Amino acid sequence: MHVGSFILLLFLFITMLMMIQRTEARRRLLVTVGMLLLGVLVVRYVNYRSLHGEAQLAFVVALILTTLFWLLIGRYNPVRSSNDIKVLGMDD
């Protein structure tokens, strides 16, 4: 097992899943399409390097970690609309 490749794939999968999970509702489709395009590149990398086992394990671990994040933090702190965000120090 290539530990470096596993960590790289784990980081990529967690990033992709978190970007989809923490995007505001009206932009979620656009972000999902972008993450799917990035996913195609990851699949091509996995096929090129023959890292199928590492990729499957990294994807399962990423699903578990992002689900835990959603259960512990995401449900109680939902994504707000960009119109509701207030920037400190702005005099508008």
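Provided above is the structure to which this section pertains.
Residues numbered from 1 in each chain as written. Predicted model: local features only at pLDDT ≥ 70, side-chain atom pairs only at ≥ 80, totals over all residues. Heavy atoms only, no water.

## As for the overall build of the protein chain
A tally of helices and strands in the protein chain yields three helices and zero strands. Seen in sequence order, the protein chain has helices and strands lined up from the N terminus as α-α-α. In summary, the protein chain has a C-alpha radius of gyration of 16 Å against a globular reference of 12 Å for 92 residues, an excess of more than 25%. Within the protein chain, counting contacts between residues at least 6 apart in sequence, those at least 24 apart form 78% of the total. Per element, the accessible surface of the protein chain, about 7,100 Å² overall, is 67% carbon and sulfur. Computed over 9 positive and 5 negative side-chain charges, the separation of the two mean positions in the protein chain equals 10 Å. (Helix = DSSP H or I, 4+ residues; strand = E, 2+ residues; numbered from the N terminus. Rg over C-alpha atoms; globule rule 2.2 N^0.38 Å. Contact = heavy atoms within 4.5 Å. Areas by Shrake-Rupley, 256 points an atom, 1.4 Å probe, with all protein chains shown as cover. Lys, Arg positive; Asp, Glu negative; His and termini not counted. Charge placed at Lys NZ, Arg CZ, Asp CG, Glu CD.)

## Section: the nonpolar core
Core analysis: the biggest nonpolar cluster contains 13 residues, and Leu9, Leu10, Phe13, Val42, Val46 and Ala58 have the highest contact counts within it. Broken down by element, this core gets its largest block of residues, five residues, from helix α1 (residues 3-21). Residue contacts for phenylalanine 13: discarding those within four places in its chain leaves Val42, Ala55, Ala58, Phe59 and Ala62. (Core = buried A, V, L, I, M, F, W, Y, C linked by side-chain atoms within 4.5 Å. Buried < 20%, exposed > 50% of the residue type's maximum accessible area, 1.4 Å probe, protein only.)

## Re the packing of α1 against helix α2 (residues 28-49)
Two numbers describe how α1 lies on α2: the axes approach to 9 Å, and their chain directions differ by 165 degrees. Put simply, α1 runs roughly antiparallel to α2. Note on packing geometry: the crossing formed by α1 with α2 is left-handed. For the pair α1 and α2, the contacting residues are Ser5, Leu8, Leu9, Leu12, Phe13, Met16, Met19, Ile20 and Gln21 in the first and Arg28, Val31, Thr32, Met35, Leu38, Gly39, Val42, Tyr45 and Val46 in the second. (Axes fitted to C-alpha atoms, helices over the stretch in contact; angles between N-to-C directions. Parallel < 35°, antiparallel > 145°, perpendicular 65-115°, else oblique. Left-handed = near helix turned anticlockwise from the far one by under 90°.)

## Focus: the pattern of salt bridges
Per the stated rule, a full pass over the model turns up one salt bridge. The partner of arginine 26 in a salt bridge is glutamate 24, and the shortest N-O contact between them spans 2.8 Å. Classification of glutamate 24 by relative accessible area gives buried; the value is 15%. (Salt bridge = Lys/Arg side-chain N within 4 Å of Asp/Glu carboxyl O.)

## Considering α1
Every α-helix winds through 3.6 residues per turn, so residues three or four apart in the chain are directed the same way. The end-to-end C-alpha distance of α1, which contains 19 residues, comes to 26 Å, matching closely the 27 Å that a straight helix rising 1.5 Å per residue would cover. Listing the buried residues of α1 in full gives Ser5, Phe6, Leu9, Leu10, Phe13, Met16 and Gln21. Each buried residue of α1 sits inside an arc of 135 degrees when the element is viewed along its axis, so together they form one side. Of the residues in α1, the exposed ones pointing more than 90 degrees away from the buried face are Gly4, Ile7 and Phe11. (Expected span 1.5 Å × (residues − 1). Arc of directions from axis to C-beta.)

## What to know about the packing of aromatic side chains
Tallying each qualifying case throughout the model produces one aromatic pair. Seen in terms of ring centroids, phenylalanine 13 and phenylalanine 59 are 5.4 Å apart; in terms of plane orientation they differ by 80 degrees. Their pairing is edge-to-face. Of this pair, phenylalanine 13 sits in helix α1 while phenylalanine 59 sits in helix α3 (residues 52-74), and the two are 46 residues apart along the sequence. The class for phenylalanine 13 is buried, based on a relative accessible area of 11%. A residue is classified by how much of its surface remains accessible, and phenylalanine 59, at 38% relative accessible area, is partly exposed. Directly above the aromatic system of tryptophan 70 lies the positively charged group of arginine 75, at a separation of 5.6 Å from the ring centroid. (Phe/Tyr/Trp six-rings, centres within 6.5 Å; stacked < 30°, edge-to-face > 60°. Lys NZ or Arg CZ within 6 Å of the ring centre and 35° of its normal.)

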